[in-house]
4 protein chains.
Amino acid sequence: MIVQMKKNVTKEELEKLQSYLKEKGLGIKDASSAEIVLFGILGDTKSLDPDQIKVFAGVENVTRISSPYKLASKAFRQEPTVITLKNGVKIGSDEFVVMAGPCSVESEEQLTIIAEAVKAAGSKILRGGVFKPRTSPYAFQGLGIEGLKMMRKVADKLDMAIVTELMGTEHLEEFVKYTDIIQIGARNMQNFDLLKAIGKYNVPVLLKRGLSNTIEEWLMSAEYIMASGNEQVILCERGIRTFEKYTRNTLDISAVLAVRELSHLPVIVDPSHAAGKWEMIESLSLASLAVGADGIIVEVHHDPERAFSDGPQSLKPKQFSAMMDKLEKLSTVLEKKIVR
Amino acid sequence: MIVQMKKNVTKEELEKLQSYLKEKGLGIKDASSAEIVLFGILGDTKSLDPDQIKVFAGVENVTRISSPYKLASKAFRQEPTVITLKNGVKIGSDEFVVMAGPCSVESEEQLTIIAEAVKAAGSKILRGGVFKPRTSPYAFQGLGIEGLKMMRKVADKLDMAIVTELMGTEHLEEFVKYTDIIQIGARNMQNFDLLKAIGKYNVPVLLKRGLSNTIEEWLMSAEYIMASGNEQVILCERGIRTFEKYTRNTLDISAVLAVRELSHLPVIVDPSHAAGKWEMIESLSLASLAVGADGIIVEVHHDPERAFSDGPQSLKPKQFSAMMDKLEKLSTVLEKKIVR
Amino acid sequence: MIVQMKKNVTKEELEKLQSYLKEKGLGIKDASSAEIVLFGILGDTKSLDPDQIKVFAGVENVTRISSPYKLASKAFRQEPTVITLKNGVKIGSDEFVVMAGPCSVESEEQLTIIAEAVKAAGSKILRGGVFKPRTSPYAFQGLGIEGLKMMRKVADKLDMAIVTELMGTEHLEEFVKYTDIIQIGARNMQNFDLLKAIGKYNVPVLLKRGLSNTIEEWLMSAEYIMASGNEQVILCERGIRTFEKYTRNTLDISAVLAVRELSHLPVIVDPSHAAGKWEMIESLSLASLAVGADGIIVEVHHDPERAFSDGPQSLKPKQFSAMMDKLEKLSTVLEKKIVR
Amino acid sequence: MIVQMKKNVTKEELEKLQSYLKEKGLGIKDASSAEIVLFGILGDTKSLDPDQIKVFAGVENVTRISSPYKLASKAFRQEPTVITLKNGVKIGSDEFVVMAGPCSVESEEQLTIIAEAVKAAGSKILRGGVFKPRTSPYAFQGLGIEGLKMMRKVADKLDMAIVTELMGTEHLEEFVKYTDIIQIGARNMQNFDLLKAIGKYNVPVLLKRGLSNTIEEWLMSAEYIMASGNEQVILCERGIRTFEKYTRNTLDISAVLAVRELSHLPVIVDPSHAAGKWEMIESLSLASLAVGADGIIVEVHHDPERAFSDGPQSLKPKQFSAMMDKLEKLSTVLEKKIVR
């Protein structure tokens, strides 16, 4: 961390701040010139808040020069993290992973129809919501634990893994028991109690980026899970909130590249929630593959008009299957491959 | 809700959608002309999702014409909701309420010093965090339930009410027992499990606006609490996330007026988190009073340099007291009054 | 346009508004029910401002049901617009067009080196700035008209077309004379005087999307040019301003799909300005091709360290050539082809 | 400027960059420690672009430690700039200045009615648009120079100053002749040609903040005008573009305080364009006075239903007069006074 003092800083002010830092076991490296009073802070500044330094009288500016996350960073691990599921799928490998299924689990019949369709098209991971974070208290809230057991049953028949969203700590143990990947939704990306709780289990976590969270905050949330002991984190870009309202959110496709630069964790894209329009899913999925993502998660429904949620952004099985064909074709000239 | 169909919509498409709506007990009012095929949906459309209608073939556009929240709306209650605390303070009345205290409760000594100072300056509600939502897992996470009991003890001595943030359902009963107002933080505004849980208790709730949540979503979160049975909701504007980084967030002062227009619930402003700079707090507090807010919540610390969190945005007791003088003076020519 | 009146609207208020509309030659189609007072406005509402209707007493809400742009819309022309340059390049065809060159034209020598390199790699359109919109008045402002003539000379030798930014009307005629495509920069997207002026010439225009402009506003700016008589508009998505600061801007890749849905005009992507980091250009270009854009415009410099502007986002000739190879390979399995 | 090098930087890389800087006449101050390679750049770094330094191999990060604007900064001038108009009004003084009038000048009759009303209520500066930047080419574009002459005539009769928007350089001389303050609109805040042109005249300029421009960019645009010789710049905060759509824009009231901290230039608020709703104008004006702005600019129309533009955000004369009463009352307990 570099601290720039105001031009008119007094000797007392400078000493007060430097004493405070020394008390914390940190070192000081002066870098002042005729024009400016400046010093670096030496040692482990991970738990030091730059904003807190600014409170001291005479401070002009404080600049962090190392990332506030460690375990999630490339400095900690150079080679990419690969997460292997029980059914053998490897996320973060040279396979482009496609997770697919309905927004909400509605019934065993509905889930079976969709699961069979996406499996037939080549998906090995079934998505589906059983606890639904809905903006309105009057909207369908999900089938709960019964839905979760239903997912497990249907997925087992098809040798599929499952990914589903956990909204609170109450059902954590059941989720660990029944799911392969626990999803933390965008609205809970900074639900720190939930992150800490999930960090105590050795279970793959799909961590969605919050609607208005920076890439750094997203990696800090991964750090919460990892610092609690669980290093199996998969990041998921799902669109951010901007002034543009034509799409539901704005897919930040560059975030995939940013994560690649900053972290060793796998990163996938959710084009369904990003766009909110099924017409855009195929093209955005192709772009996600081309940009180098480790996979996608997409919503599929055999009867979108009667879906309990997210109908407008769901592909029909035929559309999904056609998309898989195109992804496979595209992947032939790229590093990540579609394996069906 | 008004549904506009595409120009080339077929009779079958139109009938399919209208049958679906009739099945749900809704009525249809045709409004087509030579140029356009259009109809209104009659009946209780509260649980109908406009996006879901768009899934039907032939639909061009769907427009909601009534608000998706009911209990939080002015249509439900015309007169302002006034929330009375045990120590007699009335939020939403003609008193401009000032909640003040440290960001984090650090020790009984620290809390006592600050509480006595803000009480002396005229505040009757003590703020302070005991569970802290921190971006970094390596930062101070709060004193927990011990801190809560400490707050109660200190507040009782001074006949102050307390407001503090609850981060998860685990400690809800203890919060109901020890606090006067339970705060739901910005990052948890759409933690729907928490909203539903808190809705089952008859306790005042301070609901902060999420960093990137619209006013409508904010009122929908209030609706979650109210629909569960608890109508004592106080809204708190605390700055939204924008492209501008000079301030920590961008205070959306117009949101106070929007809430006044749309809802009967009281609304206060948190200038500390909005600006993130103590130098701006006084002026933003004066603006909040002038614009018609029901109060403010501000951070005060006797030794900001050594505060465990949010030092840069904390006022010192003397600054707070000077600000109270100015607020009092300003309030003499306004409707809302400072009562010290 | 659909007008919803307040529940308590008076007969007089309703009549006042409807008379106003009839005076303007518009028709009224009542669509009221027991629950709501509602009517549609019939006729050409293109120049009617929905906000203006809201001024009338008793109006609750006004909804536009047709797009405010006409000439730029698919309703006006179904088949894609293809723009043919003098050197034969067709923008909007099945060729994926790559425009490349330095951010700023610095000297004939510099431009020649770069132009020869991008030509050799397969680019047929040379980009380069001669009037530079710089945030700081102390930064390099461009070589001006001399630079423009230099571009023409260098491009002619290589049979390349040129694209360069025009900042004001003063030099419009010279631009029409010397350039093949006139670029309107993001900061001038709503410089309506400039749009109208350029609309009077029959010259291809590259219209960049403004930093914080919606897709609708972007198409309205295209409409300005087209309504003045010039229909040769190429749209260019170059990143929008959001809260995320890791990249210079946030590339809104979905905007390419939105333009495809709404308009017949060709649309290209500028990954250089979107990301601001040369490391991301290749991947974002591949994504742009995969998503279905008509081309890209990228910055190339042989000595980025000494570039007068935008060094950090410039590819070196070797990197550009490698990228062209990858684009060509990818295009073999897509509809749009790289033609070198 | 502080430059942090990568851990694995080579001696050659370091020397290459430092030679480049020395060539430019800048000095180097090493500040490296065992953990980090770091140096400061000494001398006039005003025209040095931090991004350009990042292009050099081995650079990790570059931090600017002085503001990129000079003339607009407090470092250049400590005392507030006061701008005196011909009719004696002093902007930036202890008078809270109220500019008022119609959005568009529509006719001499309309303008006279409104000008007389706002003058009677206490305004001394008449606003009105004669060249209108409209999103749609089909909307009313203003009366042009005839409207300008009309404004002058009406204002002279009432001893009022006038402020009106200039959209391009074509009519600059006529504007200098006929107006007291030339407004640069939000969409032209970075029309650098226009800024440079206006900088050559000694005329007060009202520089609106762009829809998505940072405070720093806004001050850089002021710097453009000042660096060309004209130091009479008044800044105007008019709302920024965010995800929230309830208001037309989001009034960034903290920006007033930021400008106070960073600059000596006067700053006013435009609540009409910020909110886009006349119901909010009064409260936002009171807040602007309370926060310490130097004035406001508001839209007034005697017949908003038939206004050619911006009807929804226009106050009627009676409402304006009532607001002036409240502002005057509020100003009695504040430093800035309403002088009627």
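Residues numbered from 1 in each chain as written. Chains lettered and ligands numbered in written order. Predicted model: local features only at pLDDT ≥ 70, side-chain atom pairs only at ≥ 80, totals over all residues. Heavy atoms only, no water.

### Regarding the domain arrangement of chain A
So, point 1. Along its sequence, chain A is organised into domain 1 (2–63) and domain 2 (83–338).
So, point 2. Look at where the C-alpha atoms of domain 1 of chain A and domain 2 of chain A centre, and you get two points 44 Å apart. (Domains from an automatic or database assignment.)

### Notes on the packing of aromatic side chains
So, point 1. Following the criterion strictly, the structure yields 16 aromatic pairs over all chains and no others.
So, point 2. Centre to centre, the rings of Phe-140 of chain B and Phe-308 of chain B are 4.8 Å apart; their planes meet at 80 degrees, and the pair counts as edge-to-face. On the criterion of sequence distance, the pair formed by Phe-140 of chain B in the loop between strand S8 (125–127) and helix H4 (145–157) and Phe-308 of chain B in the loop between strand S14 (295–299) and helix H11 (317–331) is long-range, its members being 168 residues apart.
So, point 3. Note on Phe-140 of chain B: relative accessible area 24%, which makes it partly exposed.
So, point 4. Of note, Lys-277 of chain A hangs over the ring of Tyr-246 of chain A, and the distance from its end group to the ring centre comes to 4.4 Å. (Phe/Tyr/Trp six-rings, centres within 6.5 Å; stacked < 30°, edge-to-face > 60°. Helix = DSSP H or I, 4+ residues; strand = E, 2+ residues; numbered from the N terminus. Buried < 20%, exposed > 50% of the residue type's maximum accessible area, 1.4 Å probe, protein only. Lys NZ or Arg CZ within 6 Å of the ring centre and 35° of its normal.)

### With respect to the pattern of salt bridges
So, point 1. Evaluation of the coordinates by the stated rule reveals 76 salt bridges over all chains.
So, point 2. Between Lys-54 of chain A and Asp-51 of chain A there is a salt bridge, with its nearest N and O atoms 3.3 Å apart. Of this pair, Lys-54 of chain A and Asp-51 of chain A both sit in helix H2 (residues 50–54), separated by 3 residues, roughly a single helical turn.
So, point 3. Judged by relative accessible area, Lys-54 of chain A falls into the partly exposed class, the value being 37%.
So, point 4. Salt-bridge contacts for Asp-270 of chain B lead to Lys-208 of chain B; the nearest nitrogen and oxygen are separated by 2.6 Å. Of this pair, Asp-270 of chain B sits in the loop between strand S13 (267–269) and helix H9 (271–275) while Lys-208 of chain B sits in strand S11 (residues 205–208), placing them 62 residues apart in sequence. (Salt bridge = Lys/Arg side-chain N within 4 Å of Asp/Glu carboxyl O.)

### Overview of the sheet that holds strand S1 (residues 2–5) of chain C
Residues and elements named next belong to chain C.
So, point 1. One open sheet holds the 4 strands; their spatial order is S2-S3-S1-S4, and the pairing between them is antiparallel. The strands lining the two open edges of the sheet, one partner per strand, are strand S2 (27–30) and strand S4 (59–63). Neighbouring strand axes in the sheet, compared pairwise and without regard to direction, differ in orientation by 25 degrees on average.
So, point 2. Relative to S4, S1 runs antiparallel, the two sharing 4 bridges. (Pairing = 2+ DSSP bridges. Axes fitted to C-alpha atoms, helices over the stretch in contact; angles between N-to-C directions.)

### With respect to the packing of helix H3 (residues 108–121) of chain D against helix H11 (residues 317–331) of chain D
Residue and element names in this part refer to chain D.
So, point 1. It is at 9 Å that the axes of H3 and H11 come closest, and there the two elements cross at 20 degrees. Classified by the interaxial angle, the pair formed by H3 and H11 is roughly parallel. Where H3 crosses over H11, the handedness of that crossing is right-handed. Together, Ala-117, Val-118 and Ala-121 of H3 and Pro-317, Phe-320, Ser-321 and Met-324 of H11 make up the contact between the two elements.
So, point 2. Its residues placed into classes, the contact of H3 with H11 shows 6 nonpolar, 1 polar and no charged. (Parallel < 35°, antiparallel > 145°, perpendicular 65-115°, else oblique. Left-handed = near helix turned anticlockwise from the far one by under 90°. Contact = heavy atoms within 4.5 Å. Nonpolar A, V, L, I, M, F, W, Y, C, P; charged D, E, K, R; others polar.)

### Notes on the relation of the copies chain B and chain C
So, point 1. Of the two same-sequence chains, chain B is brought onto chain C (RMSD 0.0 Å, axial shift 0.1 Å) by a rotation of 180 degrees. Put plainly, the chains are arranged around a two-fold axis.
So, point 2. When the interface residues of chain B are mapped onto chain C, 100% of them are again interface residues, pointing to one common binding face. (Least-squares fit on C-alpha atoms with pLDDT ≥ 70 in both.)

### A look at the environment of Gly-185 of chain C
All names here are of chain C.
So, point 1. With respect to the secondary-structure elements, Gly-185 resides in the loop between strand S10 (181–184) and helix H6 (192–198).
So, point 2. Distance in space between the C-alpha atoms of Gly-185 and Arg-64 is 29 Å, their sequence separation being 121 residues.
So, point 3. Sequence-distant contacts of Gly-185, that is, excluding residues within four places in its chain, are made with Glu-165 and Lys-208.

### A word on the side chain of Gln-183 of chain C
Residues and elements named next belong to chain C.
So, point 1. Of note, Gln-183 is situated in strand S10.
So, point 2. Its relative accessible area of 6% is what places Gln-183 among the buried residues.
So, point 3. Apart from the residues lying within four places of it in its own chain, the contact partners of Gln-183 are Val-163, Thr-164, Glu-165, Leu-166, Leu-206, Lys-208 and Ile-297.

### A short note on the interface of chain A and chain B
So, point 1. With 47 residues of chain A in contact, the opposing surface of chain B contributes 47 residues.
So, point 2. Between chain A and chain B the total buried area reaches about 4300 Å² when both faces are included, carbon and sulfur atoms providing 50% of it.
So, point 3. For the interface between chain A and chain B, the tally reads 6 salt bridges.
So, point 4. Close ionic contact of Lys-16 of chain B with Glu-305 of chain A constitutes a salt bridge, the shortest N to O distance being 2.6 Å.
So, point 5. Between the two partners, chain A and chain B, sit 27 residue pairs in polar contact (both at pLDDT 80 or more).
So, point 6. Mapped onto the side of chain A that touches chain B, the elements with two or more residues apiece are helix H1 (11–23), H2, helix H6 (192–198) and helix H7 (215–227) of chain A.
So, point 7. Take the side of chain A that touches chain B: its biggest share by element is 5 residues, from H7 of chain A.
So, point 8. For the side of chain A that touches chain B, the residue count by class is 18 nonpolar, 14 polar and 15 charged. (Buried area = accessible area lost by both parts, 1.4 Å probe. Polar contact = N/O pair within 3.5 Å; in protein donor to acceptor, adjacent residues only side chain to side chain.)

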